Amino acid sequence: WSDFNNFINSNLHHEEKCIMIAYNGEACNLRWLWKLTQAPNSTLSMPTKIKYFLDPINVMKTYKSCVLHPSKSKLESFRLTTVYHHITGTPLQGAHDSVIDVQAQSTVVTSSQFIKFIDKSQSIRSIEDIFSRCDKLEMTKKMEPLRLVHLPWKEVSRENNITWEPLGIDSYEG
């Protein structure tokens, strides 16, 4: 995580902000990052220079005037390999390799079929605005059981002759 933060900070000037682009990221990657950086007692935080987010799938689904919208393109799916092939006319070789996927995603986002929609209201969005208040509360609720391990930590095992039973308040019956 520190390498990621250092990369962001060393490649942007002090005043610059950046946009995180993740293909299908709103449904997956961004939720994971939000949980990772917002978990109780987490020592990790989102780099402050990343203020915005763009999910190409969301853009293609939202704007009916986009030629990649299902009503115009007749795409069989929004899989990166399918959209890439539709745009370039060639199959994506080596999909699911992170570098190849990033290059393919860049090809999609900078294509003439897509680029006109980058500046629209539902394209580049504030990371804070991606999830509704209810979404955030639900994710926080699911993370609530995460607690720091007590110190000193002693492994519960027969060999150590240590047993453990939760306090009444912490048990399901309590």
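Computed from a predicted model, the values in this text were never measured in an experiment. (Residues numbered from 1 in each chain as written. Predicted model: local features only at pLDDT ≥ 70, side-chain atom pairs only at ≥ 80, totals over all residues. Heavy atoms only, no water.)

Moving on, we come to a nonpolar patch on the surface. A cluster of nonpolar side chains, namely Ile19, Ile21 and Tyr52, defines an oily patch on the protein surface of about 240 Å² accessible area. Inspection of the secondary structure puts Tyr52 in strand S2 (residues 50-54). Look at Tyr52 and you get partly exposed, because its relative accessible area is 35%. (Patch = residues over 30% accessible without salt bridge, like charges linked within 9 Å, V, L, I, M, F, W, Y side chains within 5 Å. Areas by Shrake-Rupley, 256 points an atom, 1.4 Å probe, with all protein chains shown as cover. Salt bridge = Lys/Arg side-chain N within 4 Å of Asp/Glu carboxyl O. Helix = DSSP H or I, 4+ residues; strand = E, 2+ residues; numbered from the N terminus. Buried < 20%, exposed > 50% of the residue type's maximum accessible area, 1.4 Å probe, protein only.)

Right, let's talk about the side chain of Thr37 for a bit. By the secondary structure assignment, Thr37 is in helix H2 (residues 29-38). Note on Thr37: relative accessible area 10%, which makes it buried. Excluding residues that lie within four positions of it along the chain, Thr37 makes contacts with Trp1, Ser42, Leu44, Ser45 and Met46. (Contact = heavy atoms within 4.5 Å.)

By the secondary structure assignment, His69 is in the loop between helix H3 (56-62) and helix H4 (70-73). When its relative accessible area of 9% is taken as the criterion, His69 is described as buried. Among the polar contacts listed, one links the side chain of His69 to the side chain of Ser71, at a separation of 2.9 Å. (Polar contact = N/O pair within 3.5 Å; in protein donor to acceptor, adjacent residues only side chain to side chain.)

A sheet is described by the order of its strands in space; here three strands give the open sequence S1-S2-S3, paired in mixed fashion. With one partner strand each, in any of the chains shown, strand S1 (18-21) and strand S3 (125-126) form the two edges of the open sheet. One ladder, built from two bridges, connects S2 with S3; its direction is antiparallel. Residue Phe53 lies in a different strand from S3, and its bridge partner there is Arg125. (Pairing = 2+ DSSP bridges.)

Now for the nonpolar core. Counting residues in hydrophobic clusters, the biggest one holds 20 residues, and the most contacted among them are Met60, Val83 and Phe114. Broken down by secondary-structure element, the contributors of at least two residues to this core are H3, helix H5 (80-88) and helix H6 (98-109). Top element by residues in this core is H5. It accounts for four residues. Among residues more than four places away in sequence, those in contact with Met60 are Tyr23, Leu68, His69, Pro70, Phe78, Val83 and Phe114. (Core = buried A, V, L, I, M, F, W, Y, C linked by side-chain atoms within 4.5 Å.)

So, to be careful, I would describe these as geometric facts and stop short of saying anything about function.
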